[in-house]
Amino acid sequence: MQMEELSTDILVIGSGLAGLLSALEAERAGLRVLLVGKFAIGMGTNTSLANGAFTAASSGFSKENHLRATLESGRGLNQVKLVKALIEKGPDAIKKLRDYGVPVLDKGTGYIVDRPKGSSQLPGVLLIKPLVERLKNSSIRLLPGLVIFDLVVEGGEVQGALGFLNDGKPCLIQSRAVILSTGGAGSIYRRNDNQRSILGDGYTLALRAGLPLLDLEFVQFYPFVLGEPRLSSFLLYPPYPREVRLLDEKGEDLLERFNIGRDLNQAVIMQRDRFSIALYQASQNGDVFFDLTQVPREKWEHYPLNFLKKSKFPFRERAFLVSPAVHFFMGGVEIDENGRTSLPGLFAAGEVVWGIHGANRLGGNALTECAVFGLIGGQSASEYVRQKEQEQGPSNLFSEDFIKKWDRKVRAYIRKRRGTFDPPRDLLKGLKDLAWRYASPVREEESLKEGLDRLASIEKGIEEVYPATLKDLFKKRDLENVALLLKAILKGSLLRTESRGSFFRKDFQDLDDANWLKNTCYRLEKGELQITHRPLKDF
Ligand SMILES: Cc1cc2nc3c(=O)[nH]c(=O)nc-3n(C[C@H](O)[C@H](O)[C@H](O)COP(=O)(O)OP(=O)(O)OC[C@H]3O[C@@H](n4cnc5c(N)ncnc54)[C@H](O)[C@@H]3O)c2cc1C
């Protein structure tokens, strides 16, 4: 199939909150902007699932309080410079969202997306809608249904990206700057509350482009995700009514046992790490139930219970299974306060980025991060492009030789090979099961090693998948990405012999500042994953 060639000033990969704001900001600078995502713009994003809580200085919450709470949650691993930018610029970013028509309310301890009375629509959808409307009325070119496979790096700088449209057409994009806003990787685990397509593509794009990733072993779990076998595992959205009970199989009250206090809403914001680990351990010995049967009828008319009420499942009549599940990735790509990565021309924003949250993210800081660094990424990328224009004039189109080179790469992706062939779906399921079993909220040496052995045998199966159809081509890429990330998480977890924030080793249960106030640095060198540790840069 003929390769499509496109040219732009700024390419934004991903249409969640970070990508949408980056694109709008870059357009304001008068540049040509192309925004791509795996699906329709704004769809299939974790942003669309979000509960709409932004933590930022507000009427009853000072910048000092925000700084303190963020650093306490991060247990010593936050990049303080990035945290300070988040805190300083948070309130202005919220104002910008309002200017774009997003209904954000000051709720004293931060902000929340407002919803019409009685509406059971998810706040994330209400957050995205006005931004997408704005995009449609802008000069930004939208290209939905494009999956980026590679960043184009030439002469030590990013010059664009290569992807495949969902009809199979390869697409080579020339761009002076690229903003990576591909979100996290929650769906590499069997139990997660993310969108199914959030498989960490941005991390592997960065690794393959030669960038290091940091602290991938820090994965945040959310305590309450629906665990009923035949229902999808969605997050049970807070705020929780005070009548809610958390019970084990014998009906014993788990909140008493965990000693976490009776305020579930505070606990899921401030102690998500401890709470998830305790719940995971309890669920290893038997089922854990969430009981809403004592909640008065009138409370079911309001969000979030009215959202549950829409389901056929009898949430009001009986207790139901819950489990912790993967929610957020703290690790990722390194940026400076201007959203720049160490690769010239590449910027990053949103969950794909590492550094702000340290070892455990404070609830509500992810959306604030997307807003603040989405705007910063758009501004910095625009300045970079303007400067390049001054130095080098308008960009030249890719040369014929260059296009031939990438055409060969495309052919290599779709070349048929002989080999035995396990269905990619089974292999992906195998990887997700492996992640949940061996890179779970509670890790230890023996099982991490066993996980790595099992992964090696799945990797052999992946090598033998040949993309006979276009679907297989996408699936093979997913398999390679997930296997690479899982290997990183398992190996990185094996090396970190302590417990910190969301990272818990059963065989090393204490926080060890003397030896582990360090960041884990993952690189791909000649196709092999290399892991080193480096002292904190910020202190
Ligand atoms: C259920 C749930 C509730 C949450 N609630 C809150 C909350 O209330 N407050 C809070 O602070 N945080 C919350 N979070 C976390 C927060 O929503 C996310 O961290 C944030 O929305 C991520 O935004 P993003 O723009 O970085 O990425 P996303 O919104 O995940 O978007 C990623 C985009 O990248 C695209 N993409 C990925 N790979 C490729 C590729 N190879 N090629 C092309 N496009 C690609 C995707 O298609 C998508 O468009 C919640 C998370 C979940 C799952």
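Since this is a predicted model, take the numbers as computed values, not measurements.

Rules used in this analysis
- Residues numbered from 1 in each chain as written.
- Predicted model: local features only at pLDDT ≥ 70, side-chain atom pairs only at ≥ 80, totals over all residues.
- Heavy atoms only, no water.
- Salt bridge = Lys/Arg side-chain N within 4 Å of Asp/Glu carboxyl O.
- Helix = DSSP H or I, 4+ residues; strand = E, 2+ residues; numbered from the N terminus.
- Buried < 20%, exposed > 50% of the residue type's maximum accessible area, 1.4 Å probe, protein only.
- Pairing = 2+ DSSP bridges.
- Contact = heavy atoms within 4.5 Å.
- Axes fitted to C-alpha atoms, helices over the stretch in contact; angles between N-to-C directions.
- Polar contact = N/O pair within 3.5 Å; in protein donor to acceptor, adjacent residues only side chain to side chain.
- Near = heavy atom within 4 Å.
- Areas by Shrake-Rupley, 256 points an atom, 1.4 Å probe, with all protein chains shown as cover.
- Nonpolar A, V, L, I, M, F, W, Y, C, P; charged D, E, K, R; others polar.
- Expected span 1.5 Å × (residues − 1).
- Arc of directions from axis to C-beta.
- Parallel < 35°, antiparallel > 145°, perpendicular 65-115°, else oblique.
- Left-handed = near helix turned anticlockwise from the far one by under 90°.
- Phe/Tyr/Trp six-rings, centres within 6.5 Å; stacked < 30°, edge-to-face > 60°.
- Core = buried A, V, L, I, M, F, W, Y, C linked by side-chain atoms within 4.5 Å.
- Patch = residues over 30% accessible without salt bridge, like charges linked within 9 Å, V, L, I, M, F, W, Y side chains within 5 Å.
- Lys, Arg positive; Asp, Glu negative; His and termini not counted.
- Charge placed at Lys NZ, Arg CZ, Asp CG, Glu CD.

*Asks:* Lay out the pattern of salt bridges with the relevant residues and their values.
*Replies:* One side chain can pair with another of opposite charge once the charged atoms of both are near each other. According to the stated counting rule, one finds 33 salt bridges in the structure shown. Here Lys449 makes a salt bridge to Glu445, at a shortest N to O gap of 2.7 Å. One end of the pair, Lys449, and the other, Glu445, are both in helix α13 (residues 445–463), four residues apart, so they sit about a helical turn from each other. Relative accessible area serves as the criterion here: at 41%, Lys449 is assigned to the partly exposed category. Connected via shared salt-bridge partners are Glu217, Arg496, Glu498, Arg500 and Asp513.

*Asks:* Describe in detail the sheet that holds strand β18 (residues 528–535), supporting the description with residues and values.
*Replies:* Strand order in this open sheet of four strands is β15-β10-β17-β18, and the pairing throughout is antiparallel. Pairing within the sheet leaves two strands with one partner each, and these edge strands are β15 (332–333) and β18. Of the strand pairs in this sheet, strand β10 (residues 213–214) and strand β17 (residues 518–525) are connected by two bridges, and their pairing is antiparallel. Opposite Leu213, over in β17, you have Tyr522 as the bridge partner. With respect to the sheet, helix α5 (residues 201–208) is in contact with β10, β15 and β17, its orientation differing from that of β17 by roughly 65°.

*Asks:* Before we move on, can you summarise the side chain of Ser187 with the specific residues and values?
*Replies:* Among the structural elements, Ser187 can be located in the loop between β9 (170–180) and α5. Classification of Ser187 by relative accessible area gives buried; the value is 1%. Of the polar contacts made by the side chain of Ser187, one reaches the backbone oxygen of Gln195; its length is 2.7 Å. Setting aside anything within four residues of it in sequence, one finds Ser187 in contact with Asn192, Asn194, Gln195, Arg196, Ile198, Leu199 and Lys432.

*Asks:* Outline the site of the ligand, listing residues and values.
*Replies:* Near the ligand, the surroundings consist of 37 residues, among which Thr47, Ala53, Asp201, Glu351 and Leu367 are the closest. Taking Gly52, its main chain carries an N or O atom lying 3.2 Å from an oxygen atom of the ligand. Note that an oxygen atom of the ligand is positioned 2.8 Å from one of the backbone N or O atoms of Leu367. For the ligand, the accessible surface in isolation is 1000 Å², of which the surrounding protein chains cover 98%. At the level of elements, α1 (17–28), β7 (146–154), β14 (320–329) and α10 (365–392) are the ones that each hand at least two residues to the shell around the ligand. Per element, the largest residue contribution to the shell around the ligand is four residues, and it comes from α10. Per-class residue counts for the shell around the ligand are 15 nonpolar, 17 polar and five charged.

*Asks:* Can you lay out the sheet that holds strand β5 (residues 111–113) for me, pointing to particular residues and giving the numbers?
*Replies:* One open sheet accounts for three strands, arranged β3-β5-β4; its pairing is antiparallel. Of all strands in the sheet, those bounded by a partner on one side alone are β3 (53–54) and β4 (104–106). By the bridge criterion, three bridges tie β4 to β5 in an arrangement that is antiparallel. Residue Asp106 lies in a different strand from β5, and its bridge partner there is Tyr111. The strands touched by helix α3 (residues 80–99) are β3, β4 and β5; relative to β4, the strand with the most contacts, the crossing angle is about 135°.

*Asks:* Requested: an account of unusual backbone geometry, with residues and values cited.
*Replies:* At the junction of Pro238 and Pro239, the peptide bond is cis and its omega measures out at 5° in the coordinates. Among the secondary structure elements, Pro239 is positioned in the loop between β11 (219–226) and β12 (245–248). Note the cis peptide between Tyr303 and Pro304, where omega equals 5°. With respect to the secondary-structure elements, Pro304 resides in the loop between β13 (288–291) and α9 (305–309). Located in the positive-phi region is Asp215, a residue other than glycine, with phi close to 50°. With respect to the secondary-structure elements, Asp215 resides in the loop between β10 and β11.

*Asks:* Tell me about α13, and name the residues and values.
*Replies:* The end-to-end C-alpha distance of α13 is 27 Å, a good match for the 27 Å that 19 residues give at a rise of 1.5 Å each. Three or more residues of α13 are buried, namely Ser447, Leu448, Gly451, Leu452, Leu455, Ile458, Gly461 and Ile462. Relative to the axis of α13, the buried residues are bounded by an arc of 165° and lie together on one face. What points out from α13, more than 90 degrees from its buried face, is the exposed set Glu446, Asp453, Lys460 and Glu463.

*Asks:* Would you mind going over the packing of α1 against helix α4 (residues 123–136) in detail, with residue names and values included?
*Replies:* Two elements in contact, α1 and α4, have axes separated by 11 Å at closest approach and are oriented at 30°. Overall, the two elements α1 and α4 adopt an arrangement that is roughly parallel. The crossing of α1 and α4 is left-handed. Between α1 and α4, the residues in contact are Leu17, Leu20, Leu21, Ala23 and Leu24 and Leu127, Ile128, Leu131, Val132, Arg134 and Leu135, respectively. Class assignment of the residues belonging to the contact of α1 with α4 gives a composition of 10 nonpolar, no polar and one charged.

*Asks:* Quick one: what's the story with the packing of aromatic side chains, residue by residue and with numbers?
*Replies:* Under the definition given, this model contains 25 aromatic pairs. Taking 6.0 Å as the distance between ring centres and 80° as the angle between the ring planes, the aromatic pair formed by Phe234 and Phe307 counts as edge-to-face. Placement of Phe234 in the loop between β11 and β12 and of Phe307 in helix α9 is noted, with a sequence separation of 73 residues between them. What makes Phe234 partly exposed here is its relative accessible area of 24%. A ring pair is formed by Phe402 and Trp406, whose centres lie 6.4 Å apart and whose planes are at 40°; its orientation type is tilted. On the criterion of helical spacing, the pair formed by Phe402 and Trp406 is a turn pair, its members being four residues apart in helix α11 (residues 400–414).

*Asks:* Can you explain the nonpolar core? Please cite residues and give values.
*Replies:* Counting 118 residues, the largest nonpolar core has Leu17, Phe54, Tyr189 and Phe373 as its most contacted members. Per-element tally for this core: the top contributor is α10, with 10 residues. Sequence-distant contacts of Phe373, that is, excluding residues within four places in its chain, are made with Leu82, Ala85, Leu86, Ile335, Glu337, Ala349 and Ile356. By size, the runner-up hydrophobic cluster in this structure holds 33 residues, among which are Leu122, Leu236, Phe258 and Tyr303.

*Asks:* I'd love a proper account of a positive patch on the surface, names of residues and values included.
*Replies:* Taken together, the side chains of Arg196, Arg425, Lys471 and Lys475 make up a positively charged region of the molecular surface. Looking at where Arg196 falls in the secondary structure, it is placed in the loop between β9 and α5.

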